[in-house]
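# Topology and contacts: notes
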Amino acid sequence: MTARVVVLAASMVAREVLSRALSRTPGVKVLATCGDAVAAKKAIESQDPGVLVVDPELGPLDGAVFIRRVRAARDIRVIAIASSAAVGRAALEAGAARVVMKPNAHLVGEQAERMLAEVAMAVLATNRGASGRSLLGNERLQPAGRTVLAIGASTGGTDAIRSVLRQLPGGLPPIVVVQHMPAGFTASFASRLDEDLPLLRVREGYDGARLHRGEVWIAPGGMHMGVDGKPGALELRVQAGAKVSGHAPSVDVLFASVARTLGGESIGLLLTGMGRDGAAGLLRLKQAGSATYAQDEASSVVWGMPRAAWEMGAARELVDLDRAAKVLRRFRMRTAA
């Protein structure tokens, strides 16, 4: 199955680079390359593509507005090329399935090559069907239920998170993650995870996002993320604020919000990292009645955060990454109803 693509970018250089990279990707067919929203609308209506690759910085018509209009009118997968975290978040809120961070305006250099490969991988993901996702990225989502799985990590955490999530089935309660990263990097981290994990949908968090089963939400760099709402109608709260426990996003903030909102109906997992962020929050989860775990020393890159949690009695068990995944899989069975 060939992925049929329309490319939309105000910059002629961006159009040419994106179109050339996608055209030489096996399994991808570029139907049209457009410089403005009017041309893109006509191309989409006449060519019926499955994918729109768009640079949301379109000048007079905001790209997020166009994405929202297109997604409201038809089934199409939108991949946004964002120059900043703010642009990426706006695209996600408008309905983009993926955001890939743009390293520079002219899309040149080694970083740009990696970005173009990431875009091509995102486009090719429209062909996967075994995961049970809609090929167009607008699958019907199951309610979140009454629980979440909360994960925190720092140094060495990107690989640890990926290792754990790769072993999980679909249909889990929503997973919320704080990985210490600066602004501008978490969107691409979420996008790469989403490509790697066919059974889970991974996105960067934004304020007001509703939580559903089978989703993983990554806290945006430089912002605090928490969980709010009522059981069965849970939402993310994402906002700027002073650093907590030395970090923004802070694992302590996430864990404390889960404990406050859900009490014992959750699970907390603190992975590898330097410092103490997450230890106090994990203790709050445990005191609320939640199941709490910390990564063991042997499998941690830096046994700082998990050690702090273990020494204060916040974790009921030390686990390696395989054991952590097993615990989360078992939690799915407990919450299946």
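Before reading on, note that the structure itself is shown above.
Residues numbered from 1 in each chain as written. Predicted model: local features only at pLDDT ≥ 70, side-chain atom pairs only at ≥ 80, totals over all residues. Heavy atoms only, no water.

Pairing is parallel across the open sheet formed by seven strands, whose spatial order is 8-9-7-6-12-13-14. For this open sheet the edge positions go to strand 8 (201-204) and strand 14 (317-319), each flanked by a neighbour on one side alone. Averaged over all neighbouring strand pairs, the angle between strand axes comes to 20 degrees, with direction disregarded. In the packing of helix 6 (residues 157-166) onto the sheet, the strands contacted are strand 6 (148-153), strand 7 (175-179), strand 9 (215-218) and strand 13 (291-295), and the crossing angle to strand 7 comes to about 160 degrees. (Pairing = 2+ DSSP bridges. Helix = DSSP H or I, 4+ residues; strand = E, 2+ residues; numbered from the N terminus. Axes fitted to C-alpha atoms, helices over the stretch in contact; angles between N-to-C directions. Contact = heavy atoms within 4.5 Å.)

With that out of the way, let us pick up the nonpolar core. Core analysis: the biggest nonpolar cluster contains 32 residues, and Ile151, Ile161, Leu165 and Ile175 have the highest contact counts within it. Contributions of two or more residues to this core are made by strand 6, helix 6, strand 7, helix 7 (186-196), strand 9, strand 12 (266-270), strand 13 and helix 11 (321-334). Here this core takes six residues from helix 11, the largest share from any one element. Ala209, Val227, Ala279 and Leu282 belong to the second largest nonpolar core, which has 31 residues in total. (Core = buried A, V, L, I, M, F, W, Y, C linked by side-chain atoms within 4.5 Å. Buried < 20%, exposed > 50% of the residue type's maximum accessible area, 1.4 Å probe, protein only.)

The next point concerns the environment of valine 119. Its location among the elements puts valine 119 in helix 5 (residues 110-124). The class for valine 119 is buried, based on a relative accessible area of 1%. Between the C-alpha atoms of valine 119 and leucine 18, which are 101 residues apart in sequence, the distance is 8.6 Å. Dropping the residues within four chain positions of it, valine 119 is found in contact with Leu22, Val53, Ile79, Ile81 and Val100.

Here we come to the pairing of strand 4 (residues 77-82). Of all six residues that make up strand 4, six are buried, and the element is covered over most of its length. Where strand 3 (residues 51-54) and strand 4 come together, four bridges link them in parallel fashion. When the sheet's bridge partners are listed, leucine 52 is paired in strand 4 with valine 78. Two strands pair when backbone bridges link them, and strand 4 and strand 5 (residues 98-101) are joined in this way by four bridges, in the parallel orientation. Across the sheet, residue isoleucine 81 finds its bridge partner in strand 5, namely valine 100.

Left-over empty space is what a probe sized like a water molecule reveals as it rolls over the atoms. Reported here for the largest pocket is a volume of approximately 360 Å³. Lining the largest pocket are 14 residues, with Met101, Pro103, Gln111, Phe185 and Ser188 sitting closest to its centre. Ranked by residues supplied to the lining of the largest pocket, first place goes to helix 5 with four residues. Per-class residue counts for the lining of the largest pocket are six nonpolar, four polar and four charged. (1 Å grid on protein atoms, 1.4 Å probe; cavity = no way out; pocket = protein on both sides within 12 Å on 5 of 7 lines; lining within 4 Å. Points joined across faces, edges and corners; volume = space filled by probe spheres on them. Nonpolar A, V, L, I, M, F, W, Y, C, P; charged D, E, K, R; others polar.)

Applying the stated criterion to the full structure yields 10 salt bridges. For glutamate 311, the salt bridge identified is with arginine 307, shortest N-O distance 2.8 Å. Residue glutamate 311 and its partner arginine 307 are both found in helix 10 (residues 305-311); the two are separated by four residues, about one turn of the helix. A single salt-bridge network, built from bridges that share partners, covers Asp159, Arg162, Arg166 and Asp196. (Salt bridge = Lys/Arg side-chain N within 4 Å of Asp/Glu carboxyl O.)

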